[in-house]
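The lines below spell out each chain.
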Amino acid sequence: MLKLKLLPQTEDAIDAAAQVIVDLVAAQPDAVLGLATGGTMEPLYARLVAAHRDGFSFARVRTVNLDEYVGLDPRHPNSYHSYMARHFFDHVDVAPENIFIPRGEIDPQCAAAEYSALLDRLGPVDLQLLGIGANGHIGFNEPGTPLDAPTRVVELLADTISANARFFATGESVPSHAVTMGTAAILSARQVVALATGGAKAEALAAALDGPVSADCPASYLRLHPSCTLIADRAAGALL
Ligand code: GLP
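Because the structure is predicted, anything quoted here is derived from the model rather than measured.

**Points about the environment of Arg103**
Part 1: Mapped onto the elements of the fold, Arg103 is located in the loop between strand E5 (99-100) and helix H4 (108-122).
Part 2: Residue classification places Arg103 among the buried positions, given that 21 C-beta atoms sit within 10 Å.
Part 3: As a C-alpha pair, Arg103 and Asp67 span 36 residues in sequence and 8.8 Å in three-dimensional space.

Next up, the structure:
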């Protein structure tokens, strides 16, 4: 069942999502957290870093990220490895050996197989944090992805490449492929928290919540999950 939490201010939505994570880790310090990237998540990680500065510990959590660009070295400033270090891991006490992110710098098929095996080994994610692409993607599961897609190499759609181009230097090309956790693994998480803020997400949210459950909008699959909360601000919820 999908629970919608519509909050007037962006900060309220971010706070609410951060609180779910803090509550889960407080109750289950060794939880497996599924983590997401993107502009939406930056203030959320800032909240978690602030909680850590106030004494909250992430020392025993294990983290699995949703995705990584193919062809980017972990040290590339736009790799999701760098993003996670910059916004979260460099500032908190997650043990480095408990951090897992698909590898963008090796053969992509090997990286996907390795990541899929790792996810099987860790077991279901306790709490999966999700952003939503403006085209309704989750992780890098683009429109057209079936419900039970495995963790794999994907080709990004043109609208995703242009949406993410804002993070790359002018003239630098955005990778065309990624390794992503599949919809099957995402939906097998015990709990999902999806966060959407800003008017650019309004159409995707309307399609996800009010349209058919369909591959045209992978975020609509969240309605089939037994325990998913979608947290949105007023702008993202404007068309609901
Ligand atoms: C990216 C990521 C997704 C993220 C989405 C939204 O492509 N792969 O995991 O949820 O796009 O990003 P943003 O928060 O920047 O809008």
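**What about the UniProt feature "domain: Glucosamine/galactosamine-6-phosphate isomerase" (unreviewed entry) in the chain?**
Part 1: Per the UniProt annotation, the sites labelled "domain: Glucosamine/galactosamine-6-phosphate isomerase" (unreviewed entry) are residues 12-223.
Part 2: With 34% helix and 15% strand, the stretch residues 12-223 has end C-alpha atoms that lie 23 Å from each other.

**Some points on the nonpolar core**
Part 1: Counting 66 residues, the largest nonpolar core has Ile132 and Ala194 as its most contacted members.
Part 2: Residue contributions to this core peak at 6 residues, all from helix H1 (residues 10-27).
Part 3: Here Ala194 is in contact with Leu130, Ile132, Leu222, Cys228 and Leu230, once residues within four sequence places are set aside.

**Looking at the sheet that holds strand E4 (residues 67-69)**
Pairing between the strands of a sheet comes from backbone hydrogen bonds, and it takes one of two forms, parallel or antiparallel.
Part 1: Reading across the sheet, the 3 strands line up as E4-E8-E7 and stay open at both edges, with antiparallel pairing between neighbours. Taken across any chain shown, the strands that pair with only one partner, and hence form the sheet edges, are E4 and strand E7 (152-155). Pairs of neighbouring strands in the sheet enclose a mean axial angle of 30°, with direction left out of account.
Part 2: With 4 bridges joining them, E7 and strand E8 (residues 177-180) adopt antiparallel strand pairing. Counterpart to Val154 in the pairing with E8 is Ala178.
Part 3: The strands touched by H4 are E7 and E8; relative to E8, the strand with the most contacts, the crossing angle is about 15°.

What counts, and at which threshold
- Residues numbered from 1 in each chain as written.
- Predicted model: local features only at pLDDT ≥ 70, side-chain atom pairs only at ≥ 80, totals over all residues.
- Helix = DSSP H or I, 4+ residues; strand = E, 2+ residues; numbered from the N terminus.
- Buried ≥ 20, exposed ≤ 12 C-beta atoms within 10 Å, placed from the backbone.
- UniProt positions renumbered as here; feature names shortened; annotations may be inferred.
- Core = buried A, V, L, I, M, F, W, Y, C linked by C-beta atoms within 7 Å.
- Contact = placed C-beta atoms within 7 Å.
- Pairing = 2+ DSSP bridges.
- Axes fitted to C-alpha atoms, helices over the stretch in contact; angles between N-to-C directions.

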